Amino acid sequence: DAGITQSPRHKVTETGTPVTLRCHQTENHRYMYWYRQDPGHGLRLIHYSYGVKDTDKGEVSDGYSVSRSKTEDFLLTLESATSSQTSVYFCAISGNRGAQTDTQYFGPGTRLTVL
Amino acid sequence: SQQGEEDPQALSIQEGENATMNCSYKTSINNLQWYRQNSGRGLVHLILIRSNEREKHSGRLRVTLDTSKKSSSLLITASRAADTASYFCATPHNAGNMLTFGGGTRLMVKP
């Protein structure tokens, strides 16, 4: 398995509270991604990073922000959680070639419930 | 919106049978990837097929790609209970290293 971990693995929070999810990699991969997975929608890209301090929006970025101050860490923040953000969140990494054929390696996921 | 759409959404077979899943996509691509997701786990890469390849094998997996029909299929031969999982196709986004995933096929292999 690629060296990629997510924390926390499970979180229950209340509407309106801020939440930060962490993705940590030991592979020194350049690219990192945050996805959410919901029934009927598959995986949808929230934000991604192509280097330290270099990030960009994905398909469903509203209500989320990210930061990457070190190669190994990619943080996803929900500034004010809403019930629609209840989901399973996956972090992924991919290699340094910048090629469209790069494989993505996924973390174990974080199950977030917003009450 | 999803670039890839898998069909069927769910498939239930007996151990030893073959399982076929299909993926259709909308825009031109230069490769297509298949991933597996076991329940409660992250996705795991299975195989990549390039646009100049029509068929590719990896163990019990056979993937085909028909760029004229914008479709791909994943065949798992002699299925096992351990193959029970969801299977996703993924195509490159129009920019860089991003992938767009389909909704997945849930495969159940009964012992």
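Our structure's up above, just so we're on the same page.
These notes cover the structure that comes with them. The shown structure was predicted, so the numbers you read here are calculated from the model rather than taken from an experiment.

Re the packing of aromatic side chains
Alright, step 1. In this structure the tally under the stated criterion is nine aromatic pairs over all chains.
Alright, step 2. Taken together, a centroid distance of 6.4 Å and an interplanar angle of 25 degrees make the contact between Tyr33(A) and Tyr48(A) stacked. With a gap of 15 residues between them, Tyr33(A) in strand S4 (residues 31-38) and Tyr48(A) in strand S5 (residues 42-51) connect regions that are remote in the sequence.
Alright, step 3. For Tyr33(A), a relative accessible area of 0% gives the class buried.
Alright, step 4. In textbook terms, an aromatic cluster arises when at least three aromatic residues are bridged by ring pairs, as seen for Tyr33(A), Tyr35(A), Tyr48(A), Tyr50(A), Phe106(A), Tyr35(B) and Phe101(B).

Comments concerning the pattern of salt bridges
Alright, step 1. Summed over all chains, the structure comprises six salt bridges over all chains.
Alright, step 2. Measuring nitrogen to oxygen at the nearest pair gives 3.0 Å for the salt bridge that ties Asp38(A) to Arg44(A).
Alright, step 3. By relative accessible area, which is 17% here, Arg44(A) ends up buried.
Alright, step 4. The residue Asp83(B) makes a salt bridge to Arg60(B) at a minimum N-O spacing of 2.9 Å. With Asp83(B) in the loop between strand S8 (71-76) and strand S9 (85-92) and Arg60(B) in the loop between strand S6 (55-58) and strand S7 (61-66), this residue pair connects regions lying 23 residues apart in the sequence.
Alright, step 5. Where salt bridges share partners, they join Arg22(A), Lys70(A) and Asp73(A) into one cluster.

A closer look at the sheet that holds S8(B)
All names here are of chain B.
Alright, step 1. The five strands lie next to each other as S1-S3-S8-S7-S6, forming an open sheet whose pairing is antiparallel. With partners counted over all chains shown, the strands left at the sheet margins are strand S1 (4-7) and S6, one partner each. Each neighbouring strand pair of the sheet contributes to a mean axis angle of 20 degrees, computed without reference to strand direction.
Alright, step 2. With four bridges joining them, S1 and strand S3 (residues 19-25) adopt antiparallel strand pairing. Bridged to Gly 4 within S3 is Tyr 25.

Parameters at a glance
Residues numbered from 1 in each chain as written. Chains lettered and ligands numbered in written order. Predicted model: local features only at pLDDT ≥ 70, side-chain atom pairs only at ≥ 80, totals over all residues. Heavy atoms only, no water. Phe/Tyr/Trp six-rings, centres within 6.5 Å; stacked < 30°, edge-to-face > 60°. Helix = DSSP H or I, 4+ residues; strand = E, 2+ residues; numbered from the N terminus. Buried < 20%, exposed > 50% of the residue type's maximum accessible area, 1.4 Å probe, protein only. Salt bridge = Lys/Arg side-chain N within 4 Å of Asp/Glu carboxyl O. Pairing = 2+ DSSP bridges. Axes fitted to C-alpha atoms, helices over the stretch in contact; angles between N-to-C directions.

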